[in-house]
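Here is how the chains run, residue by residue.
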Amino acid sequence: MIHHTIKHKVTTLGGFILEEQRAYPWATGELSGLLRDMGFSAKIINRDVNKAGLVDILGATGDNNIYGEEVKKLDIFANKQFLYSLQNNGECAGAASEENDDFISFPSQPKSSQKYVVCIDPLDGSSNIDVNVSIGTIFGIYQRISRGGPCVESDFLQPGNKLVAAGYIIYGSSTMFVYTTGQSVNGFTYDPTIGEFCLSHPDIKIPRQGTIYSVNESYKYKYAQAVNDFIEYCKQIDKETGRPYSSRYVGSMVADFHRNLIKGGIFLYPAMKGHPHGKLRLLFECNPLSFIVETAGGKATNGKERILDLVPEKLHQRTPIYIGSEDMVNKAMEFLNAKEEIATIGT
Ligand code: AHM
Ligand code: MG
């Protein structure tokens, strides 16, 4: 007879979500069900991302999304998969996706309270799909405001400080599911041999100060002088503060964010001439990651205000963002506050 020694306890994503729920005696399990479904969809997307080079799912569809950007087939697949799973979950009243013009209201189901709405970027970093570079999913969960019947737009136009949970999945050298309900940030690595996300990064805390800066420097000519001054600061030699910092920019926000969360660093996508609100979307990208970074002890601002306090006016609103280690974000703010021109850039 073969005896296998169990070396240590493995906590799966599903098990962890349940444990977290038990800590709140008043919890009804609806949020837990929603999070578990996100984990299930992540496994399906992971499967297809991994075989993207083998099947005809790879490549552009030729269509443009609502921003005029080319849509890759996997984006569409991921969008359909998450929306399908959310609709069938029964706890979700509706979803807004970066891939759809408008929000979707799910038909009400008997016996379900449909307390939540979800904002999702199903596959972020789409320009990296074809070239085997990390991509990700970002999601945020809110309690709906309207009661009963179909969702209304104001259910989705809530500031990030109202998020009840947020997370991301990174399809990288390994696949990870990282989420928070506002207490702690926990990361789970996918073990394909057992088909489970297993707790690998409990209670993630972002270092107060890091040594990485992430920005697309090729847009230097479009940034405000204050932004370029900060970038220059990152490159200066100064032993005491560990400068020059390392420049790391994947072009997939989830990947850049994840690395900086673990190692410490700052990611910035500033306002640019002609793009006064930058590129990244408040609801689908910036709010969920800001909720995560703050829970992990970091900071996120648009240059003036806390990202989580911004009240969205439209679903696809964009915002400049400075996100990461607290001291580094504060330093960037010092540069921005020193110059008035940031207020008028792009106008
Ligand atoms: P997407 O939603 O179309 O994938 O675009 C978002 C991505 C982010 O993941 C990334 O940080 C950024 O776009 C990179 O943009 P740029 O190529 O302008 O630096
Ligand atoms: Mg995106």
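Scoring rules and cut-offs
- Residues numbered from 1 in each chain as written.
- Chains lettered and ligands numbered in written order.
- Predicted model: local features only at pLDDT ≥ 70, side-chain atom pairs only at ≥ 80, totals over all residues.
- Heavy atoms only, no water.
- Helix = DSSP H or I, 4+ residues; strand = E, 2+ residues; numbered from the N terminus.
- Buried < 20%, exposed > 50% of the residue type's maximum accessible area, 1.4 Å probe, protein only.
- Contact = heavy atoms within 4.5 Å.
- Near = heavy atom within 4 Å.
- Polar contact = N/O pair within 3.5 Å; in protein donor to acceptor, adjacent residues only side chain to side chain.
- Areas by Shrake-Rupley, 256 points an atom, 1.4 Å probe, with all protein chains shown as cover.
- Donors = N, O, S within 2.8 Å, 3.2 Å for Na, K, Ca; no water.
- Pairing = 2+ DSSP bridges.
- Axes fitted to C-alpha atoms, helices over the stretch in contact; angles between N-to-C directions.
- Expected span 1.5 Å × (residues − 1).
- Parallel < 35°, antiparallel > 145°, perpendicular 65-115°, else oblique.
- Left-handed = near helix turned anticlockwise from the far one by under 90°.
- Core = buried A, V, L, I, M, F, W, Y, C linked by side-chain atoms within 4.5 Å.
- Domains from an automatic or database assignment.

### Quick look at the overall build of the chain
On a plain count of helices and strands, the chain comes out with seven helices and 15 strands. For the chain, buried positions account for 53% of its 347 residues. Counting contacts in the chain only where the partners sit at least 6 residues apart, residues at least 24 apart contribute 64% of the total.

### Thoughts on the site of ligand 1
As a matter of local geometry, ligand 1 sits amid 18 residues, with Asp 124, Gly 125, Tyr 249, Met 253 and Tyr 269 nearest to it. Take Arg 281: an N or O atom from its side chain is 3.5 Å from an oxygen atom of ligand 1. Surface burial for ligand 1 is 89%, taken as the share of its 470 Å² of free accessible area covered by protein chains. Elements represented by at least two residues in the shell around ligand 1 include exactly strand E5 (116-124) and strand E13 (266-269).

### Structural notes on the coordination of the magnesium ion (ligand 2)
For the magnesium ion (ligand 2), the full set of protein donor atoms is Glu 98 (OE), Asp 121 (OD), Asp 124 (OD) and Glu 285 (OE), at a range of 2.0 to 2.5 Å. Along the chain, the residues that donate to the magnesium ion (ligand 2) are spaced as E-x22-D-x2-D-x160-E. Placement of Asp 124 in strand E5 and of Glu 285 in helix H6 (residues 282-295) is noted, with a sequence separation of 161 residues between them. Across this residue pair, the class does not change: Asp 124 and Glu 285 are buried.

### Brief notes about unusual backbone geometry
Cis peptide bonds are those with omega within 30 degrees of zero, and the linkage from Arg 243 to Pro 244 qualifies with 5 degrees. Tracing the backbone shows Pro 244 in the loop between helix H4 (225-235) and strand E12 (246-247). With phi around 60 degrees, Asn 132 is a residue other than glycine that occupies positive phi space. Of note, Asn 132 is situated in the loop between E5 and strand E6 (135-143). We classify Asn 132 as exposed; its relative accessible area is 76%. If you check the backbone angles, Asp 203 has positive phi at about 45 degrees while not being a glycine. In this structure, Asp 203 sits in the loop between strand E10 (196-201) and strand E11 (212-214). By relative accessible area, Asp 203 is classed as partly exposed at 40%.

### Observations concerning the sheet that holds strand E3 (residues 92-97)
Within the open sheet, the eight strands sit side by side as E4-E3-E5-E6-E7-E8-E9-E10. Their pairing is mixed. The outermost strands of the open sheet, each flanked by one partner alone, are strand E4 (104-105) and E10. The pairing of E5 with E6 spans seven bridges and is classified as antiparallel. Bridged to Val 117 within E6 is Tyr 142. Running at roughly 5 degrees to strand E8 (residues 175-180), helix H1 (residues 13-22) makes contact with E8, strand E9 (185-191) and E10 of the sheet. Where helix H2 (residues 30-50) meets the sheet, it contacts E3, E5, E6, strand E7 (163-171), E8, E9 and E10, and its direction lies at approximately 15 degrees from that of E7.

### Remarks on H2
For H2, spanning 21 residues, the distance from its first C-alpha to its last is 30 Å, which sits close to the expected 30 Å at 1.5 Å a residue. Among the 21 residues in H2, 15 count as buried, and that is most of the element.

### Focus on the packing of helix H5 (residues 253-263) against H6
It is the contact of H5 with H6, at a shortest axis distance of 12 Å, that shows an interaxial angle of 10 degrees. Our classification of the angle between H5 and H6 gives roughly parallel. On H6, the residues that touch Met 253, Phe 257 and Leu 261 of H5 are Glu 285, Leu 289, Ile 292 and Val 293.

### Digging into the packing of H4 against helix H7 (residues 326-338)
Think of two packed helices as two axes; the pair is described by the angle between the axes and how far apart they sit. Closest axis-to-axis distance for the H4/H7 pair is 8 Å, and the angle between their directions is 135 degrees. Judged on the interaxial angle alone, H7 and H4 are oblique. For the crossing formed where H4 meets H7, the hand is right-handed. Between H4, through Ala 226, Val 227, Asp 229, Phe 230 and Tyr 233, and H7, the contact on the second element is made entirely by Met 328, Lys 331, Ala 332, Phe 335 and Leu 336.

### Brief notes about the sheet that holds strand E14 (residues 299-301)
Read from one edge to the other, the open sheet built from five strands follows the order E12-E11-E13-E15-E14, with strand pairing classed as mixed. In the strand order of this sheet, the two ends are held by E12 and E14, each with one partner. The pairing of E13 with strand E15 (residues 321-324) spans four bridges and is antiparallel. Note that in E15 the partner of Phe 267 across the bridge is Ile 323. Each of E14 and E15 touches H6; the most contacted strand, E15, lies at about 30 degrees to it. Packed on one face of the sheet, H7 meets E11, E13, E14 and E15 and runs near 155 degrees to E15.

### Concerning the pairing of E15
A two-sided burial pattern is seen for E15, the buried positions comprising Ile 321 and Ile 323 on one face and Tyr 322 and Gly 324 on the other. In terms of strand pairing, E14 meets E15 through three bridges, oriented antiparallel. Each residue of the ladder has a partner; that of Ala 300, found in E15, is Ile 323.

### Considering the nonpolar core
With 63 residues, the main nonpolar core has Phe 156, Tyr 168 and Ile 321 as its most contacted residues. If you tally residues by element for this core, the top one is H6, at eight residues. Counting the residues that make up this core, at least three belong to each of domain 1 (13-201) and domain 2 (212-343). The contact partners of Phe 156, leaving out residues within four places of it in the chain, are Gly 94, Ala 95, Ala 96, Phe 103, Ile 104, Val 117, Val 118, Cys 119, Cys 151, Leu 283 and Leu 315.

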